[in-house]
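Letter by letter, the chains look like this.
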Amino acid sequence: MNGEPLLTVTDLTVRYGGVVAVDNVSLTVPTGKIVGLIGPNGAGKTTLVDALTGFVRCSGTVSFRGVRIDRLRAHLRARHGIARTFQAGGIFDDLTVRENILIGERRPGGWWSTVRAIVTGRGEHARPETRALVGTLGLGDLLGVQASELSSGQRKLVSVAQALAGGPELVLLDEPAAGLDSTESAWLGERLRAVRDSGVTMLLVDHDMELVVNVCDEIVVLDFGKVIAAGEPQETLAQPQVITAYLGSVTAATEGDAA
Ligand SMILES: Nc1ncnc2c1ncn2[C@@H]1O[C@H](COP(=O)(O)OP(=O)(O)OP(=O)(O)O)[C@@H](O)[C@H]1O
Ligand SMILES: [Mg+2]
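Below is a summary of the structure that appears in this document. (Residues numbered from 1 in each chain as written. Chains lettered and ligands numbered in written order. Predicted model: local features only at pLDDT ≥ 70, side-chain atom pairs only at ≥ 80, totals over all residues. Heavy atoms only, no water.)

Things to note about the packing of aromatic side chains
Item 1. The full count for this structure, using the stated rule, is one aromatic pair.
Item 2. Plain terms: the ring middles of Phe 55 and Phe 86 are 5.4 Å apart, the flat faces sit at 85° to each other, and that makes the pair edge-to-face. Remark: Phe 86 occurs in the loop between strand S6 (82–84) and helix H3 (97–104) and Phe 55 occurs in the loop between helix H1 (45–53) and strand S4 (59–64); sequence separation between them is 31 residues.
Item 3. For Phe 86, a relative accessible area of 33% gives the class partly exposed.
Item 4. Of note, Arg 84 hangs over the ring of Phe 55, and the distance from its end group to the ring centre comes to 4.9 Å.
Item 5. When the ring centre of Trp 187 is taken as reference, the NZ or CZ atom of Arg 191 above it lies at 5.5 Å. (Phe/Tyr/Trp six-rings, centres within 6.5 Å; stacked < 30°, edge-to-face > 60°. Helix = DSSP H or I, 4+ residues; strand = E, 2+ residues; numbered from the N terminus. Buried < 20%, exposed > 50% of the residue type's maximum accessible area, 1.4 Å probe, protein only. Lys NZ or Arg CZ within 6 Å of the ring centre and 35° of its normal.)

Next comes the structure, spelled out in structure tokens:
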């Protein structure tokens, strides 16, 4: 039901050798909401998404609809209804937009049915929901275009469509607005709200604060792997520890430039 916890994360920690990339993080993503996950570069956002989706080992617990999933392999978490995008894109250059989206669909015939559809060129989408999604994301005119021909903004949209094509209950988006200009980003924000209103819950990682403030129902701020603030977007961004975390990262970058 809307507002009830869909994803509950408790004391999640990820270590890479001596580096604690995610440090004892607890958070909740309520059903039907968009939760923003923000923080300076290297704060641990992608690592947390990797841990939630089964791409990296973690300690702590992750429950989805009240069921522990933290020991499940990535494909089983996907089967539970969790999808994600990748910061680096995650789409296939040699395939068309249609084929890339088709890969995200969970077909009754499984993976082989997708491969067969692509190899035989019969790439019709099985699910009417996917066709609606293509319309919502404005990708209708690009379906036949090879992914290598797309702009970086268009690639991001295809990766979002690919993640949503499986009909997930929860989607984790890792910087979907990277590479988009401010108009495109505002447009993406509207689309994400439409997707949320259609019943998909989201965890949105992005550096575009305008997007985050405009679309997120609440935000969680990470710094050096720890949650330093959480709550309503505007209020949370105004908290001193959040400002300091971002100023610190700006100062470090400026000093780095000077060196
Ligand atoms: N595979 C890895 N091996 C070792 N250290 C890693 C690895 N991936 C990330 N890290 C380290 O973990 C920390 C968190 O990195 P992560 O990529 O999760 O940050 P992020 O918040 O997504 O940053 P950005 O905003 O730049 O995408 C950083 O210190 C990073 O250097
Ligand atoms: Mg990242």
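Some words on the coordination of the magnesium ion (ligand 2)
Item 1. The protein atoms that coordinate the magnesium ion (ligand 2) are Thr 46 (OG1) and Gln 87 (OE1), at distances spanning 2.0 to 2.2 Å. Placement of the pair is Thr 46 in helix H1 and Gln 87 in the loop between S6 and H3, with a sequence separation of 41 residues.
Item 2. Thr 46 sits in the partly exposed class, given a relative accessible area of 24%.
Item 3. Using a relative accessible area of 37% as the deciding quantity, one classes Gln 87 as partly exposed. (Donors = N, O, S within 2.8 Å, 3.2 Å for Na, K, Ca; no water.)

Quick look at the packing of H3 against helix H6 (residues 152–164)
Item 1. Packing of H3 against H6 leaves a shortest axis separation of 6 Å and a crossing angle of 35°. The two elements H3 and H6 meet at a crossing, and its hand is right-handed. Packed against H3, whose contacting residues are Val 97, Asn 100, Ile 101, Ile 103 and Gly 104, the element H6 presents Val 158, Ala 161 and Gln 162 at the interface. (Axes fitted to C-alpha atoms, helices over the stretch in contact; angles between N-to-C directions. Left-handed = near helix turned anticlockwise from the far one by under 90°. Contact = heavy atoms within 4.5 Å.)

Details of the sheet that holds S4
Item 1. Reading across from one edge, S2-S1-S4-S5 is the order of the four strands in this open sheet, with antiparallel pairing throughout. Edge positions in the sheet fall to strand S2 (19–30) and strand S5 (67–68), since each of these pairs with one other strand and no more.
Item 2. Across two bridges, the pairing between S4 and S5 is antiparallel. Each bridged residue has a counterpart across the sheet, and for Ser 63 the counterpart in S5 is Arg 68.
Item 3. Those strands touched by H1 are strand S1 (5–16), S2 and S4, and its axis lies near 115° from that of S1. (Pairing = 2+ DSSP bridges.)

Digging into the layout of surface pockets
Item 1. Volume-wise, the second largest pocket comes out at about 230 Å³.
Item 2. As for the second largest pocket, its lining consists of 14 residues, of which Glu 129, Leu 133, Leu 164, Ser 198 and Val 200 are closest to the centre.
Item 3. Taken together, the elements giving at least two residues each to the lining of the second largest pocket come down to helix H5 (128–136) and helix H7 (182–197).
Item 4. A total of five residues in the lining of the second largest pocket trace back to one element, the largest contributor, which is H5.
Item 5. When residues of the lining of the second largest pocket are assigned to domains, at least three map to each of domain 1 (1–81 + 168–259) and domain 2 (91–166). (1 Å grid on protein atoms, 1.4 Å probe; cavity = no way out; pocket = protein on both sides within 12 Å on 5 of 7 lines; lining within 4 Å. Points joined across faces, edges and corners; volume = space filled by probe spheres on them. Domains from an automatic or database assignment.)

Quick look at the sheet that holds S6
Item 1. What the six strands build is an open sheet, ordered S6-S7-S8-S3-S9-S10; its pairing is mixed. Strand pairing shows two members of the sheet lacking a second neighbour, S6 and strand S10 (226–231), which therefore form its edges. Strand after strand, the sheet turns through a mean of 15° between neighbouring axes, direction not considered.
Item 2. Summarising the sheet, S6 and strand S7 (residues 170–174) pair through three bridges and their orientation is parallel. When the bridges of S7 are listed, Arg 84 appears paired with Leu 172.
Item 3. Packed on one face of the sheet, H6 meets S6 and S7 and runs near 160° to S7.

Here we look at the pattern of salt bridges
Item 1. Tallied over the full model, the rule gives nine salt bridges.
Item 2. In this structure, Asp 23 and Lys 226 form a salt bridge, with 2.6 Å as the shortest nitrogen-oxygen distance. Pair noted here: Asp 23 is in strand S2 and Lys 226 is in strand S10, with a separation of 203 residues, a long-range link.
Item 3. The partly exposed category is assigned to Asp 23, whose relative accessible area is 22%.
Item 4. A relative accessible area of 43% means that Lys 226 is categorised as partly exposed.
Item 5. The salt bridge partner of Asp 197 is Arg 196, with a shortest N-O separation of 3.2 Å.
Item 6. Here the salt bridges share partners, and the residues they tie into one network are Arg 68, Asp 70 and Arg 71. (Salt bridge = Lys/Arg side-chain N within 4 Å of Asp/Glu carboxyl O.)

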